[in-house]
Amino acid sequence: MMERFLPEKEEGYVVAVVGATGAVGQVMLEILAERKFPIAKVIPVASSRSAGSTVSFNGKDVVVQDLATFEPEGVDIALFSAGGGTSKEHAPRFAEAGCYVVDNSSAWRMDEEIALVVPEVNPEALEMARYNRIIANPNCSTIQMVVALKPLHDAVPIERVNVSTYQAVSGAGGVAIEELAKQTGALLNGQSAEVEVFPARIAFNVIPQIDVFMEDGYTKEERKMMDETVKIMGADIAVTATAVRVPVFYGHSEAVNITFGGDMDADRARDLLADADGICVVDDPATEDYAMPSEAAGSDPVWISRIRNDNSSRNSLHLWVVADNVRKGAALNAVQIAEILIR
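The structure presented is a predicted model; accordingly, all values stated were derived computationally and were not measured.

Novice: Would you mind showing me how to read the pattern of salt bridges here?
Specialist: Side chains that differ in sign of charge can pair as their charged atoms come close. For the structure shown, the criterion picks out 15 salt bridges. The partner of Arg 270 in a salt bridge is Asp 267, and the shortest N-O contact between them spans 3.2 Å. With a gap of three residues between them, Arg 270 and Asp 267 both fall in helix H7 (residues 266-274), about one helical turn apart. Classification of Asp 267 as exposed rests on a relative accessible area of 51%. Here Asp 283 makes a salt bridge to Arg 270, at a shortest N to O gap of 3.0 Å. Remark: Arg 270 occurs in helix H7 and Asp 283 occurs in strand S14 (residues 283-284); sequence separation between them is 13 residues.

Below, the structure written as structure tokens:
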């Protein structure tokens with residue numbers, strides 16, 4: 001058992017939520033309240049545009065502070081969801097003030113000195129944070145996949161993963177949700193759909209591009225999944241990915257093909273996954289029972305279905321993995337890390 005990161009405080013802890021007015025920040029506040037995180041004071045922080053407005057926490061309105069002028073002394077934990085540039089500028093300032101920072105952006109994920117953590121998978125990596133006090137929250141699509149991979153890899157080492165993602169528009173923020181809604185309404189009313197957020201129309205369409213293309217033909221989102229999986233799992237696993245945006249508001253889905261270095265079959269995998277923390281197995285072809293983003297949205301588990309042998313390759317399996325990308329893929333994972341820090 002690891003030593004405490006923060007001393008026990010009967011009165012609770014001072015928690016800042018940076019980016020509190022954004023979609024993920026608001027869910028962070030909701031989850032802190034839902035899970036009864038021991039809070040003495042919650043401080044919502046955002047850009048100067050939102051400073052002075054209020055957000056709700058535990059049924060009370062709390063005034064949002066201006067990040068540019070906010071002094072972090074006395075804050076125990078800061079949950080950041082405000083973009084990579086903001087995190088690079090302000091996370092070190094919070095850490096130097098003695099605060100533990102859990103950052104939801106991509107700014108620190110592949111830094112060799114920064115812990116990249118999914119509590120169900122690699123909580124021991126948090127030991128790195130004793131020295132720099134910054135912890136990275138992985139990419140949303142990576143989080144749900146590694147939660148599924150972990151219990152299988154512990155039983156039989158994984159050699160290769162091939163994943164195709166079907167990602168909700170909420171992964172691109174509130175403006176993307178609005179674009180899908182507007183385009184859908186326009187098309188249903190015989191009008192043209194305006195494209196602003198995505199590279200193509202998203203309503204009644206799928207887009208095989210998330211983030212920018214890199215020189216090797218992969219997108220930045222795909223590269224994140226590939227690199228982050230290896231860092232989190234702490235193993236030399238070959239990972240390849242195709243990331244696709246679909247016209248769904250909340251909930252990422254993934255078709256994951258896994259090749260093992262030894263004997264593994266669907267029945268054993270189903271048992272291992274059913275016993276694992278943070279996972280709910282819904283897998284009954286006889287009743288056409290399987291996980292879908294419409295049902296996973298608003299829930300905390302990683303849902304796994306369609307567990308079956310890959311008959312084209314020995315010791316290989318297919319999985320269908322679904323999770324709420326704003327909850328487990330961002331806000332919940334950050335709060336779970338904070339819970340370890342006070343344990």
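Novice: Before we go on, may I ask you to explain unusual backbone geometry in this structure?
Specialist: Negative phi values dominate among residues other than glycine, just as trans dominates among peptide bonds. Not every positive phi belongs to a glycine, and Asp 211 is a case in point at roughly 75°. Relative to the assigned elements, Asp 211 resides in the loop between helix H5 (174-188) and helix H6 (220-233). With phi around 50°, Glu 288 is a residue other than glycine that occupies positive phi space. Tracing the backbone shows Glu 288 in the loop between S14 and strand S15 (289-290).

Reading guide: rules and limits
Residues numbered from 1 in each chain as written. Predicted model: local features only at pLDDT ≥ 70, side-chain atom pairs only at ≥ 80, totals over all residues. Heavy atoms only, no water. Salt bridge = Lys/Arg side-chain N within 4 Å of Asp/Glu carboxyl O. Helix = DSSP H or I, 4+ residues; strand = E, 2+ residues; numbered from the N terminus. Buried < 20%, exposed > 50% of the residue type's maximum accessible area, 1.4 Å probe, protein only.

Honestly, it's all geometry; don't read function into it.
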